[in-house]
Amino acid sequence: MNILVINAGSSSLKYQLFRMPDEKPVCTGLVERIGQADAFIRHKQWEGDAEKVTERTGGLPDHYASLHEVLAILATPGTGVISSPDDIAVVGHRVVHGGEQFADPTIITPAVKETIRTLFSLAPLHNPANYTCIEVAEKTFPHARQVAVFDTAFHQTMPPQAYRYALPESYYREKRIRVYGFHGTSHKYVTQKAMVWLQKPDAKLISIHLGNGCSMAAVDSGRSIDTSMGFGPLAGLIMGTRSGDIDPSVVFHLMESEGKTEAEISALLNKQSGLLGLTGTNDMRDIRKAVRASDAQATLACDLYAYRVRKYIGAYTAVLNGLDAIIFTAGVGENDVDIRESICQDLDYLGIRLDLEKNRTATPGLRAIQSADSRVAILVVPTNEELEIAQQCYRLPGT
Ligand SMILES: Nc1ncnc2c1ncn2[C@@H]1O[C@H](COP(=O)(O)OP(=O)(O)O)[C@@H](O)[C@H]1O
Ligand SMILES: CC(=O)OP(=O)(O)O
Ligand SMILES: [Mg+2]
């Protein structure tokens, strides 16, 4: 049975086709910098042991165009991996915001789609793209089972003290205003890998997902007990284009003093802030080059970025009342050795000591980079949201 997984992030679209139950990836790919002139697709597929890579640049203004282009590659006669739409039994969709309704993988019905639509304004960079991908997949694979796996699901175990805001009670009871948390599929995947590696099912873990969107989760015995994103994926860490935590007074001030509209404020905080706002680019690879060239603004941005993560490490060590491991994952977390070094600086008090040499040695798969005298393990765990989604889809009764 083939399961195609579509993971639409804020600036990217990732996909993998798995043969189940052996979880063998048939092909995988990534569309990056969607909407920019240098957007590109990198598609990889395997024939026996041979790996074939196809690359294509430009002409990818949005997630709709990107998915169409990807599906064209998958179905190209002669070279593609799909010869008929019926080759695909299940399409697993990453959906970022599921509100309080969804704690499990869910078969997509018109009612589920309607709920995803009602949450557009809470996750404006994600839910519209996720919805678009569902519509395209429904048309392309009319006989496949379409399943949504929500970023919010893993965090549904948080206790009220972590997920409630101190607003009048009716705002929760009637409007469901609360912390939802995101990147749950990734936090779940990497913390489970870490628990197996530590051989400790009751491990106290801090998962640090640093991609274009960034978030952290405090995970105790496999359950999320707190997370840095909130009602929407805007709170917490500094991200590619999002501000992260900010005093709401700034919003009132900008509305009053400059007459900014709600749409302008949303664009400011979601699309023009974070690393992009501070440096002019949201890509950490470019910022890293600028830091090496002694660019002061890029250096400041990295300092702010690392400092915010360190603050949350302190907070989450407190709420966990102990710590077995911190986990770095996603595009920046897995690849940027300098940001890991800055984040782990001066955390000896918490028992966190990085081995500088191990940190700089890139090997594939999970790796431990703490020094021999570190009380806490420091792990780099490559995330695989697509595999986690495929596994959840496969386990769904009836698949
Ligand atoms: N080698 C690298 N060094 C530093 N940053 C990197 C590297 N590779 C990727 N990144 C960063 O990872 C980000 C994308 O991470 P990813 O987890 O794929 O994000 P998302 O899923 O949110 O689109 C890019 O914006 C880039 O800044
Ligand atoms: C929720 C979120 O920010 O996702 P991504 O990092 O994929 O943009
Ligand atoms: Mg992502």
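Residue positions within a chain follow its written sequence, with the count starting from 1. Chains and ligands are labelled sequentially in the order written, the chains with letters from A and the ligands with numbers from 1. pLDDT decides what is reported in this predicted model: residues at 70 or higher carry local features, side-chain atom pairs at 80 or more are listed and counted, and totals for whole chains, interfaces and linings draw on all residues regardless. The basis for every side-chain value is the complete set of heavy atoms in the structure, and neither hydrogens nor water enter the calculation.

Moving on, we come to the site of ligand 1. Around ligand 1 there are 15 residues in total, and Ser12, Lys14, Asn212, Met284 and Gly331 lie nearest to it. Polar contacts, as used here, are pairs of N or O atoms within 3.5 Å; protein pairs need one atom able to donate a hydrogen and one able to accept it. Residues neighboring in sequence count only if both atoms are side-chain atoms. In this structure, an oxygen atom belonging to ligand 1 sits 2.7 Å away from a side-chain N or O atom of Ser12. One nitrogen or oxygen atom from the side chain of Asp283 is found 3.1 Å from an oxygen atom belonging to ligand 1. Exposure was quantified through the Shrake-Rupley algorithm and a 1.4 Å probe, taking into account, for residues, occlusion by the shown protein chains and nothing else. Contact with the protein chains removes 83% of the 580 Å² of surface that ligand 1 exposes when unbound. Those elements giving two or more residues to the shell around ligand 1 turn out to be helix 10 (284-292) and helix 12 (330-335). Per element, the largest residue contribution to the shell around ligand 1 is four residues, and it comes from helix 12. Near is defined per residue: the residue qualifies when any heavy atom it owns lies within 4 Å of the molecule or strand. Secondary structure elements are taken from DSSP: a helix is a run of H or I of four residues or more, a strand is a run of E of two residues or more, and numbering for both begins at the N terminus.

Turning our eyes to something else, we now look at the site of ligand 2. All residues in the neighbourhood of ligand 2 are listed as Gly9, Ser10, Arg94, Val96, His126, Asp151, Phe182, His183, Gly213, Met229, Pro233 and Arg242. Here an oxygen atom of ligand 2 and a side-chain polar atom of Ser10 are 2.7 Å apart. Here an oxygen atom of ligand 2 and a side-chain polar atom of His183 are 2.8 Å apart. Each residue receives one of three labels: charged for Asp, Glu, Lys and Arg, nonpolar for Ala, Val, Leu, Ile, Met, Phe, Trp, Tyr, Cys and Pro, and polar for the others, Gly being one of them. Grouping the constituent residues of the shell around ligand 2 by class yields four nonpolar, five polar and three charged. Viewed by domain, the shell around ligand 2 spans two of them, domain 1 (2-150) and domain 2 (199-380), each represented by three or more residues. Either an automatic procedure or a domain database provided the assignment from which the domain bounds are taken.

As a further point, take the packing of aromatic side chains. Each pair of aromatic rings taken from Phe, Tyr and Trp, with Trp reduced to its six-membered ring, is defined by centres within 6.5 Å and is described as stacked if the planes are under 30 degrees apart, edge-to-face if over 60, and tilted in the remaining cases. Applying the stated criterion across every chain yields a total of five aromatic pairs. Where Phe102 meets Phe150, the ring centres are 4.3 Å apart and the plane angle is 5°; that geometry is what we call stacked. Residue Phe102 is found in the loop between strand 6 (90-95) and strand 7 (106-107), and its partner Phe150 is found in strand 8 (residues 145-150); the two are separated by 48 residues along the sequence. Under the relative-accessibility criterion, Phe102 is labelled buried at 9%. Per-residue accessibility, obtained with a 1.4 Å probe over protein chains only, is compared with the maximum for each type, and a residue is labelled buried under 20%, exposed over 50%, and partly exposed between these values. Judged by relative accessible area, which is 2%, Phe150 ranks as buried. Summarising the aromatic geometry, the rings of Tyr180 and Phe231 are spaced 6.1 Å apart at their centres and angled 40° between planes, so their arrangement reads as tilted. One end of the pair, Tyr180, is in the loop between helix 5 (169-173) and helix 6 (184-198); the other, Phe231, is in the loop between strand 11 (223-227) and helix 7 (249-258), and 51 residues separate them in sequence. By relative accessible area, Tyr180 is classed as buried at 3%. Classification of Phe231 by relative accessible area gives partly exposed; the value is 25%.

Okay, the UniProt feature "site: Transition state stabilizer" (unreviewed entry) in the chain next. UniProt positions are given in the numbering used here, feature names are shortened, and annotations may be inferred rather than shown by experiment. The UniProt record marks His183 and Arg242 with the feature "site: Transition state stabilizer" (unreviewed entry), using the residue numbering of this structure. Tracing the backbone shows His183 in the loop between helix 5 and helix 6. A residue is classified by how much of its surface remains accessible, and His183, at 6% relative accessible area, is buried. Contacts are residue-level and defined by heavy atoms, with any inter-residue pair within 4.5 Å sufficient. Residues contacting His183, with those up to four places away along its chain left out, are Arg94, Asp151, His155, His209, Gly213, Cys214, Ser215 and Met229. Among the structural elements, Arg242 can be located in the loop between strand 11 and helix 7. Excluding residues within four positions of it along the chain, Arg242 makes contact with Ser10, Leu125, His126, Asn212, Gly213, Met229, Pro233, Leu234, Leu269, Asn270, Ser273 and Gly274.

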